[in-house]
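Fold and contact review
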Amino acid sequence: MTQDELKDAVATAAIDDIKPLLGHDAIIGVGTGSTANRFIDRLAALRDNFKGAVASSDVTAKRLRDHGIEVFELNEAGTLPVYIDGADEINSRLEMIKGGGAALTREKIVAACAERFFCIADSSKWVTQLGTFPLPVEVIPMARSYVARELVKLGADPVYRQGVVTDNGNQIIDCYDFMIDDPIAMEARLNAIVGIVTNGLFAARGADRLLLGTETGVERIMPN
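Residues numbered from 1 in each chain as written. Predicted model: local features only at pLDDT ≥ 70, side-chain atom pairs only at ≥ 80, totals over all residues. Heavy atoms only, no water.

1. Comments concerning helix α7 (residues 183-191)
Where α7 is concerned, the buried positions are P183, M186, E187 and L190. Along the axis of α7, the buried residues cluster in a sector spanning 105 degrees; they form a single face. Buried residues along α7 sit against α5 (104-112), β7 (135-139), α6 (144-153), β10 (196-199) and β11 (201-202). (Buried < 20%, exposed > 50% of the residue type's maximum accessible area, 1.4 Å probe, protein only. Helix = DSSP H or I, 4+ residues; strand = E, 2+ residues; numbered from the N terminus. Arc of directions from axis to C-beta. Contact = heavy atoms within 4.5 Å.)

Here it is, written out as structure tokens:
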């Protein structure tokens, strides 16, 4: 199977998994990225079975609306029954690196408000240790150089993602050559650096279920 076919398979499986959680008053969280887009395209067929969605990015909000799904602000929605999103890397504890699409802050906020987080990913995202994928960090623009110096002290090779402005008006630094032994501790350490809005480690609040697309089918994995 191609990577696109694996993404299609997990998106379809996620639709089956969220059906029991839907209801006419339900507002669900939806993430950002190529796998999430495939999920949205399939979610359209269920749009009469739930109230609407909270989007983790402006791009996702537009795709949802284009499919006739009402988009709500998170402040209106409150607690969400489920959040569905992809990952750039994920390990057996279902800790993740996210943010390749620069939506990490809103993704992390929506995930924090969800009772369940279902991650949908193809097998290329499954790793034993996080860090091969460059870790994104969202920074306040005036703090970019300071934050980069602090990241060097932690052993990272920080690279400013040229020309990218987040939906929050901030900038992204990607941390290369930065293998992570303790994701929960590193997530907190990075967030303590003044000028960092948040980082792309989703460890303190990881996924509750992983739908992993493999050559033999979709595996449903819980954190070990």
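On we go.
2. Some details on unusual backbone geometry
In the Ramachandran plot, L94 falls in the positive-phi region, its phi being about 60 degrees despite a non-glycine side chain. Locating L94 in the fold gives a position in the loop between β4 (89-90) and β5 (96-97). On the basis of relative accessibility, which here comes to 0%, the residue L94 falls in the buried class. Notably, D177 is not glycine yet its phi reads approximately 50 degrees, a positive angle. Mapped onto the secondary structure, D177 falls in the loop between β9 (171-176) and α7. Under the relative-accessibility criterion, D177 is labelled exposed at 64%.

3. Points about the sheet that holds strand β3 (residues 83-85)
Spatial ordering of the open sheet is given by β2-β1-β3-β6-β12-β13, a layout of six strands whose pairing is mixed. One side of each edge strand has no neighbouring strand; the edge strands of this open sheet are β2 (52-55) and β13 (217-221). Shown here is a sheet whose adjacent strand axes are inclined to one another by a mean of 20 degrees, direction ignored. By the bridge criterion, two bridges tie strand β1 (residues 27-30) to β3 in an arrangement that is parallel. By the bridge assignment, G29 is partnered in β3 with Y83. Docked against the sheet, helix α3 (residues 58-66) engages β1 and β2, running at close to 160 degrees with respect to β2. (Pairing = 2+ DSSP bridges. Axes fitted to C-alpha atoms, helices over the stretch in contact; angles between N-to-C directions.)

4. A few points about the pattern of salt bridges
Note that side chains of opposite charge can pair when their charged atoms are close. If you walk through the whole model with that rule in mind, you get 18 salt bridges. One salt bridge connects D4 with R38, and the closest N-O pair in it is separated by 3.1 Å. Of this pair, D4 sits in helix α1 (residues 3-18) while R38 is found in helix α2 (residues 34-43), placing the two residues 34 residues apart along the sequence. Since its relative accessible area comes to 43%, D4 is described here as partly exposed. Between R209 and D17 there is a salt bridge; the shortest N-O distance is 3.0 Å. Of this pair, R209 sits in strand β12 (residues 209-214) while D17 is found in helix α1, placing the two residues 192 residues apart along the sequence. Classification of D17 by relative accessible area gives buried; the value is 11%. Overlapping salt bridges, with partners in common, bring together D4, D8, R38 and R42 in one network. (Salt bridge = Lys/Arg side-chain N within 4 Å of Asp/Glu carboxyl O.)

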